Amino acid sequence: MKKEFDSTTLRFLFLIVFLVIILIIGSTFSVNPEKMKSFLKQIPVLYSTLAFVFLYVIGTFFIWYLKDPLKIVGAVVFGAYISTFLIYISEVINAFIFFNLSAILGKEFIEKKVRGRFRRFYEKLEGVNLGWIFLLRAVPLIPYRILDMSFGLSKVKFGKYIVAVLL
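A.B. asks: Please set out the environment of I16 residue by residue, giving values where relevant.
C.D. replies: Inspection of the secondary structure assignment puts I16 in helix α1 (residues 7-28). Counting along the chain gives 86 residues from I16 to S102, while the straight-line C-alpha distance between them is 9.7 Å.

A.B. asks: Can you break down the packing of helix α5 (residues 80-113) against helix α8 (residues 144-153) residue by residue, with the values?
C.D. replies: Running from N to C, α5 and α8 point in directions that differ by 40 degrees, and their axes come no closer than 6 Å. When the axis of α5 is compared with that of α8, the two are oblique. Read as a crossing pair, α5 and α8 show a hand that is right-handed. Seen from α5, the contacting residues are E91, N94, A95, F98, F99, S102, A103, G106, K107 and I110; seen from α8, they are Y144, R145, D148, M149, F151, G152 and L153. Residue composition of the contact of α5 with α8, by class: nine nonpolar, four polar and four charged.

A.B. asks: Break down the side chain of S90 for me, with residues and values.
C.D. replies: With respect to the secondary-structure elements, S90 resides in helix α5. Within the structure, S90 has its side chain in polar contact with the backbone oxygen of L86 (distance 2.8 Å).

The rules we used
- Throughout, a residue's number is its position along its own chain's written sequence, starting from 1.
- This being a predicted model, a pLDDT of at least 70 is required before a residue's local features are given, and a value of 80 or more before pairs of side-chain atoms are given or counted; all residues contribute to the totals for chains, interfaces and linings.
- The side-chain numbers reported here are obtained from all heavy atoms of the structure, hydrogens and water having been left aside.
- Each helix corresponds to a stretch of at least 4 residues labelled H or I by DSSP, and each strand to a stretch of at least 2 residues labelled E; elements are numbered beginning at the N terminus.
- A fitted line through C-alpha atoms represents every axis, and for helices the fit uses only the stretch in contact; the resulting angles, taken between N-to-C directions, go from 0 to 180 degrees.
- Just so you know how the angles are binned, under 35 degrees is roughly parallel, over 145 roughly antiparallel, 65 to 115 roughly perpendicular, and the rest oblique.
- For any helix crossing, the convention is left-handed if the near helix is rotated counterclockwise from the far helix by under a right angle, and right-handed if that rotation is clockwise.
- Here, two residues are considered to be in contact whenever any of their heavy atoms come within 4.5 Å of each other.
- Under the scheme applied, nonpolar residues are Ala, Val, Leu, Ile, Met, Phe, Trp, Tyr, Cys and Pro; charged residues are Asp, Glu, Lys and Arg; polar residues are all the others, including Gly.
- Between N or O atoms, a polar contact is any pair within 3.5 Å; within protein, one atom must be a potential hydrogen donor and the other a potential acceptor, and residues adjacent in sequence are included only when both atoms are from side chains.

Interpretation note: all reported values are geometric properties and have no functional meaning in isolation.
So, in structure tokens, the structure goes:
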């Protein structure tokens, strides 16, 4: 008996394969904070701030462990306050990307496949209040990317999630 995959399953499989490929590729890169620092110091401040945000968003998309070196480089190049603001902007952009990526590629699959006890839990997630979402983001036990993707797969509305991210 041949079982065909529907488009929902294929999109979800694409999401899983995409994430695995990103993790494999990301683990092969080596990071040189000194080169990043010298590059950002060579260009004008406006361009270096844009380059830093771009590097943070794209870099941490593919290399998940790059956050800490970038935070250090940002603090050295821009100072504590400006680097904190730039990382904040970058994290909001990343939350937007990962939430919507998982929602587009996997939410429908999860809604179709969740059964029994998990269905009730999944449906209760829609009613989770802003405080709990904020608390999960504020406590550093769960990485932001995991939270972004998990909430993207859940019934939590994007507007509610992005407000918690902004706070």
